[in-house]
Amino acid sequence: DDKPDTTDEIQYTQEELERMDVENAATDLPIVQFSSPICYCTVQEAHMSVDVIRIGNPQNPVKVKYSTRDSSAIGGEQYQATSGTIEFAPGITEQSIRIPIIKSVKWNTTTEFKVELSDAEGATLGRYLWQVRVKVINSATFPSTKYHDEILEGDFEETVSGWGLMMEYFKLNYQNPIVQSGTKKMILLRLV
């Protein structure tokens, strides 16, 4: 399984732990935050699960809102924009947010989006981990998936024509509105 490890554990220094204890001692409020600063998934996965943890007193109910935010990945194109509220019942210290990933057969670079926590009730948000970056890795072959099997098998020189690859590369670039506009302008200028 060559899936990246998404179980990075957060390590706090003793000074950071003491500072958190002092800041929360007056209210005895737990901290709610993501379990990791970054997570990975592929476009072939149906969804991405991001873990939210409660640190501290688990005896009272806690609510926290969450929402996704575009970065290089765009909601509706690479993932489904999502928002809602997570509730921690007494004794529960971990919950998960499921974000649908939109499958694609087109080649794309690795993109990312963010998930953010806000408006905690019965807790305070973690100082640094109130936000997580989700990287969406595209494992499609470049420039398209048309010759995917041949490229991965390494025998594409004998089975795939150079013109075929060139056409796929042209199609990939022509999907970009700026390239499309520039190509049309260049063709019109050459005709005049």
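Fair warning: this is a prediction, and the values are worked out from it, not measured in the lab.

Participant: Mind laying out a nonpolar patch on the surface, listing which residues take part and the relevant values?
Facilitator: Where nonpolar side chains cluster on the molecular surface, the patch consists of Phe142, Trp163, Met166 and Tyr169 and spans about 510 Å² of accessible area. Relative to the elements of secondary structure, Phe142 occurs in the loop between strand S9 (131-137) and helix H2 (148-153). Residue Phe142 is classed as partly exposed on the basis of its relative accessible area of 44%.

Participant: Tell me what's going on with the packing of aromatic side chains, and back it up with residues and numbers.
Facilitator: Here the distance between the centres and the angle between the planes together describe a pair of aromatic rings. Counting across every chain of the model gives 1 aromatic pair. The interplanar angle of 15° and the centroid separation of 3.8 Å between the aromatic rings of Tyr79 and Phe113 together place this pair among those described as stacked. Of the two residues, Tyr79 sits in the loop between strand S4 (62-70) and strand S5 (83-88) while Phe113 sits in strand S7 (residues 111-121), which places them 34 residues apart along the sequence.

Participant: Hey, could you go over the sheet that holds S5 for me, with residue numbers and the actual values?
Facilitator: The 5 strands lie next to each other as S2-S9-S7-S4-S5, forming an open sheet whose pairing is mixed. The sheet terminates laterally at strand S2 (38-42) and S5, the two strands that pair on one side only. Geometrically, the sheet is characterised by an average inter-axis angle of 25° between neighbouring strands, direction not taken into account. For S2 and S9, the ladder comprises 5 bridges, and the chain directions are parallel. Within S9, the residue paired with Thr42 across the bridge is Ile137.

Participant: Please provide a residue-by-residue account of unusual backbone geometry, values included.
Facilitator: Negative phi values dominate among residues other than glycine, just as trans dominates among peptide bonds. Of note in the backbone geometry, Asp119 takes a positive phi value of approximately 50° without being a glycine. With respect to the helices and strands, the residue Asp119 is situated in strand S7.

Participant: Give me the lowdown on helix H4 (residues 162-174), citing residues and values where you can.
Facilitator: Here H4 contains 13 residues, and its C-alpha end-to-end distance of 18 Å stays within 8% of the 18 Å for a straight helix at 1.5 Å per residue. Every buried residue belonging to H4 is among Gly164, Glu168 and Leu172, and all of these are buried. Angular distribution of buried residues about the axis of H4 spans 80°; they occupy a single face of the element. In H4, those exposed residues whose orientation departs by more than 90 degrees from the buried face are Gly162 and Trp163.

Participant: Can you explain the nonpolar core? Please cite residues and give values.
Facilitator: Grouped together as the largest cluster of nonpolar side chains are 25 residues, with contacts concentrated most on Val32, Phe34, Val52, Ile97, Phe113, Val115 and Val134. Sorting the residues of this core by element identifies strand S1 (31-34), S2, strand S3 (47-55), S4, S5, strand S6 (94-100), S7 and S9 as the ones contributing at least two each. In this structure Val134 touches Cys39, Cys41, Met48, Val50, Thr111, Glu112, Phe113 and Val115, once residues within four positions along its chain are discounted.

Rules and cut-offs
Residues numbered from 1 in each chain as written. Predicted model: local features only at pLDDT ≥ 70, side-chain atom pairs only at ≥ 80, totals over all residues. Heavy atoms only, no water. Patch = residues over 30% accessible without salt bridge, like charges linked within 9 Å, V, L, I, M, F, W, Y side chains within 5 Å. Areas by Shrake-Rupley, 256 points an atom, 1.4 Å probe, with all protein chains shown as cover. Salt bridge = Lys/Arg side-chain N within 4 Å of Asp/Glu carboxyl O. Helix = DSSP H or I, 4+ residues; strand = E, 2+ residues; numbered from the N terminus. Buried < 20%, exposed > 50% of the residue type's maximum accessible area, 1.4 Å probe, protein only. Phe/Tyr/Trp six-rings, centres within 6.5 Å; stacked < 30°, edge-to-face > 60°. Pairing = 2+ DSSP bridges. Axes fitted to C-alpha atoms, helices over the stretch in contact; angles between N-to-C directions. Expected span 1.5 Å × (residues − 1). Arc of directions from axis to C-beta. Core = buried A, V, L, I, M, F, W, Y, C linked by side-chain atoms within 4.5 Å. Contact = heavy atoms within 4.5 Å.

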